[in-house]
Amino acid sequence: MSQSVTAERPSPGGHRAGLVPSVQQDGPCPLPPKAGGTCWPVTAGGNHCHRVPHGLPRTPTLRPPGTHRPRTVAGTMKILTCPTHLQRLEGILRKSLPLALPVFGAVLNINRGNPGNFEVLVDKWPEFSAVLARPSGEVPVNDGYWNTQAAFYRDLGAYRALLETPGCLRWDAAFTLIGLQDGVTTVSQDLAGRKGVELDIVEYYSYWHPDPSTMPEPRPAPGVRVGSLSPSHVDLLNDTWPYGGNARSRRYLAKILGRFPQVCLQDSSGQPIAWVLTDHFGTGTHSYTLPEQRRQGHMQVALTVAAQRAHARGFPTFGHTALGNRPMQQLQELLGHQRLPGVCSYILHNPGLHRDGP
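What comes next concerns the included structure.

### Concerning the nonpolar core
Logical step 1: By size, the foremost hydrophobic cluster in this structure holds 30 residues, and its most contacted members are Leu80, Leu89, Leu93, Val103, Val120 and Phe128.
Logical step 2: Mapped by element, the contributors of at least two residues to this core are α1 (83–94), α2 (101–110), β5 (118–122), β6 (130–135) and β7 (148–153).
Logical step 3: Of the residues forming this core, the biggest block, 7 residues, is contributed by α2.
Logical step 4: Within the second largest apolar cluster, 22 residues are counted, among which are Ile79, Leu162, Leu191 and Ile347.

Given below as structure tokens:
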């Protein structure tokens, strides 16, 4: 059954001015079906569900049990909520690796309990040309950490159409868009320039390992063991993260620490000395070794354990490394990671909002 829901229309001042009934969902309708297992049709505008408007014939539309229709955003993008569709999307994206890595990782998480509370949009189904993975539900307008989204597209035209689709991106809020494909920065700069939106762009080299099962067995140094981080370590993570140091980054790190896998090496007293986190997209992130513990092979062990565990869960092993971080680049190449062509762009939209507030 299709279900009428609403998409937000932001006001010029950045506050929500109202709701636009322009989204249809492919999941089962929350209201009980009519007698006999039938449901009333939804009109083209998506304004009626289980209610027949005046002037329409009161004839129910029979639909096979379990049938889902992707819900539509502004008539061009569809939010996939049907488990069968999401499983099919996972298989399609797997064939488009490594360029689809961030979106693929998000879909994997969605299909395995959705710990990050994400959703995916496509321009059409099943022959899509663009996909967007984004947080579902309400996100603060000044939180560019949690409001991070990833896109995969087949051509620049599809990517541009994705960004211009009303309801897909909130141009009045701070959000980060990840892109592995050529031209993502140029298109974002063009659209943001026309909308008067400021951008802050950081580029990274992306590495992925095609077969972590071939990685050498990790051997921790004497007195060092493989453990895990706890919520009590959030302040340590926030203080050592180059992009942290504020209340929003702390909340973000606390969330991914509690929802996604991580690896930590501990000394003989149980204190963390090196770690690797994972985010919504399955990306290895915030890989760090305490300065006094460096050059002892700890990060090599942490990366290897993280890769092997991800591989065992069916997740890819990949991450993004700063262009000037040659030691980490060399380490990943030593472990068999392959550097992808070009760069990965992290495009923060409205960085002024991201810097405002707690």
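### Some thoughts on helix α6 (residues 247–259)
Logical step 1: Over its 13 residues, α6 extends 19 Å from the first C-alpha to the last, a length consistent with the 18 Å expected when each residue adds 1.5 Å.
Logical step 2: By the burial criterion, the buried members of α6 are Arg248, Ser249, Tyr252, Leu253, Ile256 and Leu257. Looking down the long axis of α6, one finds its buried residues gathered within 165 degrees of arc, a one-sided arrangement.
Logical step 3: On its buried face, α6 is in contact with α5 (234–240), β12 (272–278), β13 (284–289) and α9 (351–355).

### Considering the packing of aromatic side chains
Logical step 1: Tallying each qualifying case throughout the model produces 11 aromatic pairs.
Logical step 2: Here tryptophan 171 and phenylalanine 175 contribute two aromatic rings whose centre-to-centre distance is 5.8 Å and whose plane-to-plane angle is 80 degrees, an arrangement assigned as edge-to-face. Comparing tryptophan 171 with phenylalanine 175 shows no difference in burial state: the two are buried.
Logical step 3: Aromatic rings pair up to connect Tyr145, Trp146, Trp241, Tyr243 and Tyr252 into one cluster.
Logical step 4: Above the ring of phenylalanine 128, the side-chain terminus of arginine 154 is found at 4.8 Å from the ring centroid.
Logical step 5: Above the ring of tyrosine 288, the side-chain terminus of arginine 294 is found at 5.2 Å from the ring centroid.

### Side note on the pattern of salt bridges
Two side chains with opposite charge may pair up if their charged atoms get near one another.
Logical step 1: Applying the stated criterion across every chain yields a total of 9 salt bridges.
Logical step 2: Across the salt bridge formed by aspartate 190 and arginine 160, the nearest N and O atoms sit 2.8 Å from each other. Linking aspartate 190 in helix α4 (residues 184–195) with arginine 160 in helix α3 (residues 156–164), this pair joins segments that are 30 residues apart in sequence.
Logical step 3: Judged by relative accessible area, which is 31%, aspartate 190 ranks as partly exposed.
Logical step 4: Notably, a salt bridge pairs arginine 326 with glutamate 333, separated by 3.6 Å at the nearest N-O pair.
Logical step 5: For arginine 326, a relative accessible area of 37% corresponds to the partly exposed category.
Logical step 6: Salt bridges here are not isolated pairs; linked through shared partners, they connect Arg160, Glu164, Asp190 and Arg194.

The rules behind each value
- All residue numbers here refer to positions counted from 1 along the written sequence of the relevant chain.
- The predicted origin of the model limits local features to residues at a pLDDT of at least 70 and limits the giving and counting of side-chain atom pairs to 80 or more, whereas totals for whole chains, interfaces and linings rest on all residues.
- Water and hydrogen atoms play no part in the side-chain values, which are based on all heavy atoms of the structure.
- Residue types Ala, Val, Leu, Ile, Met, Phe, Trp, Tyr and Cys, when buried and joined through side-chain atoms within 4.5 Å, form a set referred to as a nonpolar core.
- Accessibility here uses a 1.4 Å probe with only protein chains present; expressed as a share of the type maximum, an area under 20% marks a residue as buried, one over 50% as exposed, and anything in between as partly exposed.
- Helix numbering and strand numbering both begin at the N terminus, where a helix is a DSSP run of H or I of at least 4 residues and a strand a DSSP run of E of at least 2.
- Working rule for helices: expected span equals 1.5 Å times residues minus one.
- This arc describes the spread of directions from the helix axis toward the C-beta atoms.
- The contact criterion used is simple: two residues touch if any of their non-hydrogen atoms lie within 4.5 Å.
- Ring geometry is summarised as follows: Phe, Tyr and Trp rings, the Trp one being its six-membered ring, pair when their centres sit within 6.5 Å, and such pairs are stacked at plane angles under 30 degrees, edge-to-face over 60 and tilted between the two.
- Distance and angle both matter: a charge sits over a ring if NZ of Lys or CZ of Arg is within 6 Å of the ring centre and within 35 degrees of the ring normal.
- Salt-bridge detection follows one rule: a side-chain nitrogen of Lys or Arg within 4 Å of a carboxyl oxygen of Asp or Glu.

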